[in-house]
Amino acid sequence: MKSNRILVACALLCSAVIASFALAADKSDADKSDAGKTPAAKSDVKVQAQAAPSTSTEVKPAEKPPIKALLVCGGCCHDYDHQKFILTKGISKMANVEWTIVREGGASLDHKISIYSKPEWWKGYDVIVHDECFANVKDVAFIDGIVAAHKAGVPAVNLHCAMHCYRPDGYRGWFDMLGIESRVHGKQIPIDVTYLDKDSAITKNFENWTTIKEELYNNVKVLENCKPLARGKQTDGTKVTETVVAWTNDFHGTRIFCTTLGHNNETVADDRYLNLVTRGLLWSVDKLNDDYLKPSKQVYTDPATDTEKKGGPEPTPAKGN
């Protein structure tokens, strides 16, 4: 009986020894697999995998499409062959604007721009820039077809002689779109430009300045929805004349920006002028923000437009029209 107890005790002791050796072997294998790992790396493989950085490509916001602008120019008294490039290239250096140019009419006062005769000619453009000079166009139905674009909600930027276009006797449609009725200008004398609304999104932080010799357009009537942004003053030695030279207008809910400045190439090329027109254009399409205050990748919708002539005609002296 005593011998049986001894045999059982020996068996239990052998089992314990064998289990101890097996546990030591398992620990040795685990230590080898963890060799070289930091304590943090040994903690939990699943947690470590979840914490690994993502290798997916970050999605960037899409670039804003350019503003599609139509510049219409031509007619009497100005160097449109050069100014069309000064304006478009100058504005596109400051803002994401892509241009189509229609330049017609030579130096006439009565040419009818051909695109205006097409049905819904404004389709495909975000804004129309009127820089023409056709004071003797008297066809009311034709003019109504121009104004129709802006009644339909397409914004307008009106520059210089555009204020003296399309004015048959008794007709108000063009002036209603502009916001100010103007009929004449005086001789060329430097204009002192004073900004009236420095909290305006267009003219905020602008400093007053004086142009070279320029034409000051008169104000026959400032309409109800017109908001003056700047006044211009000329002194000829005996007489001081002061009028509104930049403004906005609400035309049936459509945003309109106008400036009567800009007869001579030097003024049109002045950064102070280009900045005013650029911000006025962006305001008119409700995109006066950092997304659009950056250079355009492409100036012209049709690259063949960029065929600037060397030389070319000098502007014809205006005759107070």
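Here the structure is a predicted model, which means the values were calculated and not measured. (Residues numbered from 1 in each chain as written. Predicted model: local features only at pLDDT ≥ 70, side-chain atom pairs only at ≥ 80, totals over all residues. Heavy atoms only, no water.)

Quick notes on the overall build of the protein chain
The following threshold applies: Strands here mean DSSP runs of E at least two residues long; helices mean DSSP runs of H or I at least four residues long; both are numbered from the N terminus. Whether a residue is buried, partly exposed or exposed follows from its accessible area with a 1.4 Å probe, protein chains only, as a fraction of its type maximum: under 20%, in between, or over 50%, in that order. Contacts are residue-level and defined by heavy atoms, with any inter-residue pair within 4.5 Å sufficient. Note on areas: Shrake-Rupley, 1.4 Å probe, and residue coverage restricted to the protein chains presented here.
Counting secondary structure elements, the protein chain contains eight helices and eleven strands. Within the protein chain, the proportion of its 321 residues that are buried is 42%. Of all intrachain contacts in the protein chain linking residues separated by at least 6 positions in sequence, the fraction that spans at least 24 positions is 75%. With an accessible surface of roughly 17,200 Å², the protein chain has 54% of that area assigned to carbon and sulfur atoms.

Description of the sheet that holds strand E10 (residues 240-251)
What counts, and what does not: We call two strands paired when DSSP finds no fewer than two bridges between them. Where helices are involved, their axes are fitted lines through C-alpha atoms of the stretch in contact, as for all axes, and angles between N-to-C directions lie from 0 to 180°.
Taken in spatial order, the nine strands of this open sheet run E2-E1-E3-E4-E11-E10-E9-E6-E7, and their pairing is mixed. Because the sheet does not close on itself, it has two edges, and the strands there are strand E2 (97-103) and strand E7 (209-214). The sheet shows a mean angle of 20° between the axes of neighbouring strands, taken without regard to direction. Strand direction decides the pairing type here: E10 and strand E11 (residues 254-259), joined by six bridges, are antiparallel. Paired with Thr248 across the bridge in E11 is Phe257.

Considering the nonpolar core
Applicable threshold: Buried Ala, Val, Leu, Ile, Met, Phe, Trp, Tyr and Cys residues that are joined via side-chain atoms within 4.5 Å together make up what is termed a nonpolar core.
Within the largest apolar cluster, 78 residues are counted, with the highest numbers of intra-cluster contacts made by Trp99, Tyr116, Trp121, Tyr166, Trp174 and Leu281. The greatest single-element share of this core, amounting to seven residues, is contributed by helix H8 (residues 271-284). Look past the residues within four positions of Trp174 in its chain and what remains in contact with it is His130, Ile143, Ile146, Val147, Asn158, Ala162, Cys165 and Tyr166.

Concerning the packing of aromatic side chains
What counts, and what does not: Note on aromatic pairs: the rings of Phe, Tyr and Trp (six-membered ring only in Trp) are paired at centre separations within 6.5 Å, and the planes decide the class, stacked below 30 degrees, edge-to-face beyond 60, tilted for the rest. For a ring to carry a charge above it, either NZ of a lysine or CZ of an arginine must fall within 6 Å of the ring centroid while also lying within 35 degrees of the normal to the ring plane.
This model, assessed by the stated rule, comprises six aromatic pairs. Arranged with centres 5.2 Å apart and planes meeting at 75°, the rings of Tyr195 and Phe206 form a pair that is edge-to-face. Placement of Tyr195 in strand E6 (residues 189-195) and of Phe206 in the loop between E6 and E7 is noted, with a sequence separation of eleven residues between them. On the basis of relative accessibility, which here comes to 6%, the residue Tyr195 falls in the buried class. We classify Phe206 as buried; its relative accessible area is 11%. Above the plane of the ring of Phe142 lies Lys112, whose end atom (NZ or CZ) is 5.6 Å from the centre.

Remarks on the pattern of salt bridges
In a structure, side chains of opposite charge can pair up when their charged atoms sit close to one another. This is how it is decided: Every case where a carboxyl oxygen of Asp or Glu lies within 4 Å of a side-chain nitrogen of Lys or Arg is listed as a salt bridge.
According to the stated counting rule, one finds ten salt bridges in the structure shown. With its nearest N and O atoms 3.0 Å apart, the salt bridge here joins Arg183 to Glu181. Given a relative accessible area of 30%, Arg183 falls into the partly exposed group. Here Glu181 falls in the buried class, since its relative accessible area comes to 8%. Notably, a salt bridge pairs Lys227 with Asp197, separated by 3.2 Å at the nearest N-O pair. With Lys227 in strand E9 (residues 226-235) and Asp197 in the loop between E6 and E7, this pair connects stretches of sequence that are 30 residues apart. Overall, Lys227 belongs to the partly exposed group, its relative accessible area being 44%. By relative accessible area, which is 18% here, Asp197 ends up buried.

Some points on the state of the cysteines
Defined as follows: When the sulfur atoms of two cysteines come within 2.5 Å, that pair is taken as a disulfide.
For the structure shown, the criterion picks out two disulfides. Paired through a disulfide, Cys76 and Cys77 show a sulfur-sulfur distance of 1.9 Å. In this structure, the disulfide formed by Cys76 and Cys77 twists by about 50° around the S-S bond and is classed as right-handed. The pair Cys76 / Cys77 is uniform in exposure class, with both members buried. A disulfide bridge connects Cys133 with Cys161, and the sulfur atoms are separated by 2.0 Å. Of this pair, Cys133 sits in strand E3 (residues 127-133) while Cys161 sits in the loop between strand E4 (156-159) and helix H6 (173-178), and the two are 28 residues apart along the sequence. Summarising the burial analysis for this pair, Cys133 and Cys161 share the class buried.

Topic: the confidence of the model for the protein chain
Definition in use: The pLDDT value expresses, per residue, how confident the predictor is, ranging between 0 and 100.
Of the residues in the protein chain, 76% reach a pLDDT of 70 or more, and the chain-wide mean stands at 84. When the criterion is pLDDT under 50, residues 310-321 qualifies, and its contacts beyond four places in sequence or with other chains add up to 24 contacts.

Looking at helix H4 (residues 80-94)
Selection rule: A helix is expected to span 1.5 Å for every residue after the first.
Compared with an ideal rise of 1.5 Å per residue, which puts 15 residues at 21 Å, H4 spans 21 Å between its outermost C-alpha atoms and is within 8% of the ideal. All of the buried residues along H4 are Tyr80, Asp81, His82, Gln83, Lys84, Phe85, Leu87, Thr88, Gly90, Ile91 and Ser92. Among the structural elements, strand E1 (67-75), E2, E3, E4, helix H7 (265-268) and H8 are those in contact with the buried residues of H4.

Remarks on the environment of Trp174
Mapped onto the secondary structure, Trp174 falls in helix H6. We classify Trp174 as buried; its relative accessible area is 0%. Placed 31 residues apart in sequence, Trp174 and Ile143 show a C-alpha to C-alpha distance of 7.5 Å.

Considering unusual backbone geometry
With a phi close to 50°, Tyr166 is a non-glycine residue in the positive phi region. Residue position: Tyr166 is located in the loop between E4 and H6. Of the residues examined, Tyr166 reaches a relative accessible area of 0% and is grouped as buried. Positive phi outside glycine occurs at Asn205, with the angle close to 70°. Structurally, Asn205 can be placed in the loop between E6 and E7. Overall, the relative accessible area of 67% leaves Asn205 in the exposed class.

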